[in-house]
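Given next are the chains, with one letter for each unit.
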Amino acid sequence: MSKRIVILGAAESGVGAAALAKVKGFDVFVSDMGKIKDNYKELLAQYEVAWEEGMHTEALIMNADEVIKSPGIPEEAPMVVKIKNAGIPIISEIEFAGRYTDAKMICITGSNGKTTTTSLIYHIFKKAGYNVGLAGNIGRSLALQIAEGKKYEYYVIELSSFQLDNMYEFRANIAILLNITPDHLDRYQNSMQNYTDSKMRIVQNQTEQDAFVFWNDDPIIKEELKKYGIKAKMCPFSIIKKEGMIGYIADGKYVIEQPTPFNMEQEELSLRGKHNMYNTLAAGITAHLSGISDEKLRECLSDFEGVEHRLEKVARIGGVQYINDSKATNVDACWYALDSMTTPTILIIGGKDKGNDYNAIKDLVKEKCAGLVYLGADNQKLHDFFDGMGIPVADTHSMKDCVEACNKMAKPGYTILLSPCCASFDLFKNMEDRGEQFREYVMNN
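What counts, and at which threshold
- Residues numbered from 1 in each chain as written.
- Predicted model: local features only at pLDDT ≥ 70, side-chain atom pairs only at ≥ 80, totals over all residues.
- Heavy atoms only, no water.
- Axes fitted to C-alpha atoms, helices over the stretch in contact; angles between N-to-C directions.
- Helix = DSSP H or I, 4+ residues; strand = E, 2+ residues; numbered from the N terminus.
- Parallel < 35°, antiparallel > 145°, perpendicular 65-115°, else oblique.
- Left-handed = near helix turned anticlockwise from the far one by under 90°.
- Contact = heavy atoms within 4.5 Å.
- Nonpolar A, V, L, I, M, F, W, Y, C, P; charged D, E, K, R; others polar.
- Core = buried A, V, L, I, M, F, W, Y, C linked by side-chain atoms within 4.5 Å.
- Buried < 20%, exposed > 50% of the residue type's maximum accessible area, 1.4 Å probe, protein only.
- Polar contact = N/O pair within 3.5 Å; in protein donor to acceptor, adjacent residues only side chain to side chain.
- 1 Å grid on protein atoms, 1.4 Å probe; cavity = no way out; pocket = protein on both sides within 12 Å on 5 of 7 lines; lining within 4 Å.
- Points joined across faces, edges and corners; volume = space filled by probe spheres on them.
- Salt bridge = Lys/Arg side-chain N within 4 Å of Asp/Glu carboxyl O.
- Phe/Tyr/Trp six-rings, centres within 6.5 Å; stacked < 30°, edge-to-face > 60°.

Quick notes on the packing of helix 13 (residues 331-339) against helix 14 (residues 359-368)
Inference 1: Relative to each other, helix 13 and helix 14 sit at 25°, their axes nearing to 10 Å. The orientation of helix 13 with respect to helix 14, classified from their angle, is roughly parallel. By crossing handedness, the relation of helix 13 to helix 14 is classed as left-handed. From helix 13, Val331, Cys334, Trp335, Leu338 and Asp339 reach across to helix 14, where they touch Ala360, Ile361, Leu364, Val365 and Lys368.
Inference 2: Across the contact of helix 13 with helix 14, the residue classes tally to eight nonpolar, no polar and two charged.

Thoughts on the nonpolar core
Inference 1: The biggest cluster of nonpolar side chains holds 52 residues, and the ones touching the most others in it are Leu142, Ile157 and Phe212.
Inference 2: A per-element tally of this core places helix 1 (residues 12-23) first, with six residues.
Inference 3: Once residues within four sequence positions are removed from consideration, Ile157 is found in contact with Ile94, Met105, Ile106, Cys107, Ile108, Thr118, Ala135, Gly136, Leu142 and Phe170.

Quick look at the side chain of Thr181
Inference 1: Considering the arrangement of structural elements, one finds Thr181 in the loop between strand 9 (174-177) and helix 9 (192-200).
Inference 2: When its relative accessible area of 12% is taken as the criterion, Thr181 is described as buried.
Inference 3: One polar contact links Thr181 to Asn112, side chain to side chain, over a distance of 3.4 Å.

Describing the layout of surface pockets
Inference 1: One number sums up the size of the second largest pocket: a volume of about 620 Å³.
Inference 2: In terms of lining residues, the second largest pocket is bounded by 25 residues, among which Arg272, Leu311, Lys313, Ile323 and Ser340 are the most central.
Inference 3: Listing elements by their share of the lining of the second largest pocket, those giving two or more residues are helix 11 (274-289), strand 15 (312-317) and strand 16 (320-324).
Inference 4: With three residues, strand 15 is the largest single contributor of residues to the lining of the second largest pocket.
Inference 5: Tallied by class, the residues present in the lining of the second largest pocket amount to six nonpolar, 12 polar and seven charged.

Concerning the packing of helix 1 against helix 2 (residues 38-46)
Inference 1: Where helix 1 meets helix 2, the axes come as close as 9 Å, and the angle between the chain directions of the two elements is 10°. Taken together, the axis directions place helix 1 and helix 2 in an arrangement best described as roughly parallel. Across the interface between the two elements, Glu12, Val15 and Ala18 from helix 1 touch Tyr40, Leu43 and Leu44 from helix 2.

Looking at the pattern of salt bridges
Inference 1: Using the criterion set out here, one finds 21 salt bridges in the structure.
Inference 2: Here Glu66 ties to Lys3 by a salt bridge, and the two come within 3.6 Å at their closest N and O atoms. One end of the pair, Glu66, is in strand 4 (residues 66-69); the other, Lys3, is in the segment before strand 1 (4-8), with 63 residues separating them in the sequence.
Inference 3: Judged by its relative accessible area of 7%, Glu66 is buried.
Inference 4: Lys3 sits in the partly exposed class, given a relative accessible area of 36%.
Inference 5: Taking the shortest distance from any N to any O, the salt bridge between Glu53 and Lys35 comes out at 4.0 Å. With Glu53 in strand 3 (residues 50-53) and Lys35 in the loop between strand 2 (27-32) and helix 2, the pair connects residues that are 18 residues apart, well separated along the chain.
Inference 6: Take Glu53: its relative accessible area is 23%, and that puts it in the partly exposed class.
Inference 7: A residue is classified by how much of its surface remains accessible, and Lys35, at 66% relative accessible area, is exposed.
Inference 8: Via salt bridges that share partners, Lys127, Lys296, Glu299 and Asp303 belong to a single interconnected network.

Observations regarding the packing of aromatic side chains
Inference 1: All told, the structure shown has 14 aromatic pairs when counted by the stated rule.
Inference 2: Taking the centre distance of 5.2 Å and the plane angle of 75° together, the rings of Phe125 and Tyr130 count as edge-to-face.
Inference 3: We classify Phe125 as buried; its relative accessible area is 0%.
Inference 4: Taken together through their ring pairs, the aromatic side chains of Trp215, Tyr278, Trp335 and Tyr336 make up a single cluster.

Brief notes about empty space enclosed by the protein
The gaps of empty space that remain are located by a probe, the size of a water molecule, rolled over the atoms.
Inference 1: What the rule picks out here adds up to two cavities of 30 Å³ or more.
Inference 2: Its volume calculated, the largest cavity comes out at about 110 Å³.
Inference 3: Considering the residues around the largest cavity, the lining is formed by Asn112, Gly113, Asn179, His275, Tyr278, Asn279, Arg310, Leu311, Asp325, Ala333, Tyr336 and Ala337.
Inference 4: Those elements that place two or more of their residues in the lining of the largest cavity are helix 11 and helix 13.

Following this line, the structure appears as structure tokens:
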């Protein structure tokens, strides 16, 4: 009798895992407490996978040999707790998919900068002619690509802490850890250490043949490294030149020292801003380690166009610059966005709070912001923290009202910055929906 695999959650990762499990001959069942989108239902039908929506039928789930859990489902969900108590192993889609490919895995995690760094690495590898796929928290499901018979030599995979939580045997050939700052603490019992432990799983199973690329100046990473006997080649980077760094910025030059020396003018890099120097160093070191030529690396670092919803310039209207940074779903990401502002800024902030501490951006808000527009179902925490700072504020509960409030505050020469610090699920489908609505209301001004 074939082994039974049950998948909880029928979005990109869950449906991809179901397709791969079916291809590999398992008895497969998919269960989703919400409504399954039509395109995913079509995919499940194509692979002849049984499914249910709007419920979890215990009798059809608790007979699983193994459960693949979608990253969005918390560990405290009642069905997850029951499965754990029954001793049934729970794994992630990435863990499952990794069993069925020999591709080299380039894995990127961090609280901020993951998507930009992942996209830049993929851009470099693709343009250099490498046989490469893109997966994880970005692009199409890794499991689905393997189910479809894709034979990539490399996969570039963005990994969230939620995906890492249920990964055990999976091995990153190149692991990239950009930073660790408070995020998703609501999912980690409000414990920074729990969240940190999750991020550090990126190095598990690495061998001497692998590489670990990390930001050397992150205080949390520095502390954590003392606890781990990492076998992989250590590839630290910094934005200042110091001993032992593989990559750094010095005298207006972008420098990689190993495995062979490489440098280019900082001015030639397409990505600007301090935070993007970290992302560009991590990507360049990874490409260099993978044998990409200096000429191709130089070309790709200078022509990369950036990522949607990440400090994306939407328009300049009536002398006001509108910037979409909807991907800034935590306080640290907003800090980087504010730090890069050079004109008086109206900041749009708010959404589903994840246990945020706004003290980290308080000084920058005082220095840079000419106004604050709150955008959320419940903005009380923002009122309590920011209202006493003497900066004009507006309270809004829809993107239409938000953009109107911003326009009333803004003067020519100002920047209106959507950098919300929060998840989007209180008013929007996701952060992309939030960014797209912002664009739409700006353009229809």
